[in-house]
Amino acid sequence: MVLGTAIASNDSLETLNLSWNSLRLRGAVGIAKGIAANLGLKTLDLSWNGFANDGATAIGEALGENNNLIELDISANRIDHEGLAGLAKGTCKNTCLEVLMLSKNPISGVGALILLEALKKNIETVALKRLELYDVYVDKQFEEMEKQLQEIKPSLSVGHGTYILKQAENYQKVRIEKHQERMLEPLEILINFVDLNNLNLMDLFKEFDTDNSWSVSREEFKQGMRKAGIPLNNVQMERLLDTLDKDGDGEVDFGELMFESQEYEKDKQKREVQEKEDTMTNVLQAVKSETREASSNTSQVET
């Protein structure tokens, strides 16, 4: 909230970069209040935080009141189609925002289409000139809506991922189903719990560490985890403790917890990169297959 007050009261500030600050809902709400009241800020980078849907909705409400922000980067904030709806409302009310960056969010093609439809309905008042939705795979319906928008407003540029054809859509559906079936690791469950509840690992560990030694016994760690309501069964809890207590001394150090969480994030990024590469490979194969099929059908008709 202090950050929000500082933004609201500083009208001489024109550019602000708050990316990579592990800001969650509370931070998003504070920033939103600051944006709504600020009279000078032109460029704001909020990328690579964790605003999620509620935070995005708060920012959207602020955009509805702000009359000076020109560029907003809210990429990589765990925003899906629900949070996008809140952002869309604010963007459509805003008469100054020219650049909106939403890449690296889990926005589906359907969500992206809903955003375009909202912009089309308010195209006469919307100031937007550039919309970034890179990494979002879109379909033919999106393509048609994009063309309609650009006919009405030629100055609007929309960046997005690959067009998905029917075979690619089927592949994407299977890939998502497989991803959902993947068993979550205990450390992943812990990190997801922390993110979803707007916590951080340091504050959580302090709850377990009653003597401020930055180290707790396995039993203290288990009791703290259960008290916090983290959904791990006994088997998962023991697996997590074995992962964290690498030296086998029966203690879990905060340093061990942070090291393993960082290793998890690195592995997660590698996995996501591999998934994107696999998706692109299969999308291209699907496109080639449909192109060959279309060419074959054309040849048969000509003969």
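The model shown is predicted, which means the values in this text are computed figures rather than measured ones.

### Some points on the side chain of Asn-53
Phase 1 of the analysis: Within the element layout of this structure, Asn-53 appears in helix 3 (residues 52–63).
Phase 2 of the analysis: Reaching out from Asn-53, the side chain makes a polar contact with the side chain of Asp-80 at a distance of 2.8 Å.

### Notes on the packing of aromatic side chains
Phase 1 of the analysis: For the coordinates displayed, the defined rule picks out four aromatic pairs.
Phase 2 of the analysis: Judged by centre distance (5.4 Å) and plane angle (85 degrees), the rings of Phe-208 and Phe-221 are edge-to-face. With Phe-208 in helix 9 (residues 201–208) and Phe-221 in helix 10 (residues 218–228), this residue pair connects regions lying 13 residues apart in the sequence.
Phase 3 of the analysis: Taking 5.1 Å as the distance between ring centres and 55 degrees as the angle between the ring planes, the aromatic pair formed by Trp-214 and Phe-254 counts as tilted. In this pair, Trp-214 is assigned in the loop between helix 9 and strand 7 (215–217) and Phe-254 in helix 12 (residues 254–302), connecting sequence segments 40 residues apart.
Phase 4 of the analysis: Aromatic ring contacts, followed pair by pair, group Phe-205, Trp-214 and Phe-254 into a single cluster.

### A few points about the pairing of strand 6 (residues 157–160)
Phase 1 of the analysis: Pairing analysis gives four bridges linking strand 5 (residues 130–133) to strand 6, with the strands arranged parallel. Along strand 6, the bridge assignment pairs Leu-133 with His-160.
Phase 2 of the analysis: In this region the chain leaves strand 5, passes through helix 6 (residues 140–152) and returns to the parallel neighbour strand 6; the handedness of that crossover is right-handed.

### Thoughts on the pairing of strand 5
Phase 1 of the analysis: Pairing of strand 4 (residues 99–101) with strand 5, which is carried by three bridges, proceeds in the parallel orientation. Within strand 5, the residue paired with Leu-100 across the bridge is Leu-131.
Phase 2 of the analysis: In terms of handedness, the path from strand 4 via helix 5 (residues 109–121) over to strand 5 forms a crossover that is right-handed.

What counts and how
Residues numbered from 1 in each chain as written. Predicted model: local features only at pLDDT ≥ 70, side-chain atom pairs only at ≥ 80, totals over all residues. Heavy atoms only, no water. Helix = DSSP H or I, 4+ residues; strand = E, 2+ residues; numbered from the N terminus. Polar contact = N/O pair within 3.5 Å; in protein donor to acceptor, adjacent residues only side chain to side chain. Phe/Tyr/Trp six-rings, centres within 6.5 Å; stacked < 30°, edge-to-face > 60°. Pairing = 2+ DSSP bridges. Right-handed = clockwise from strand over helix to strand, strands pointing away.

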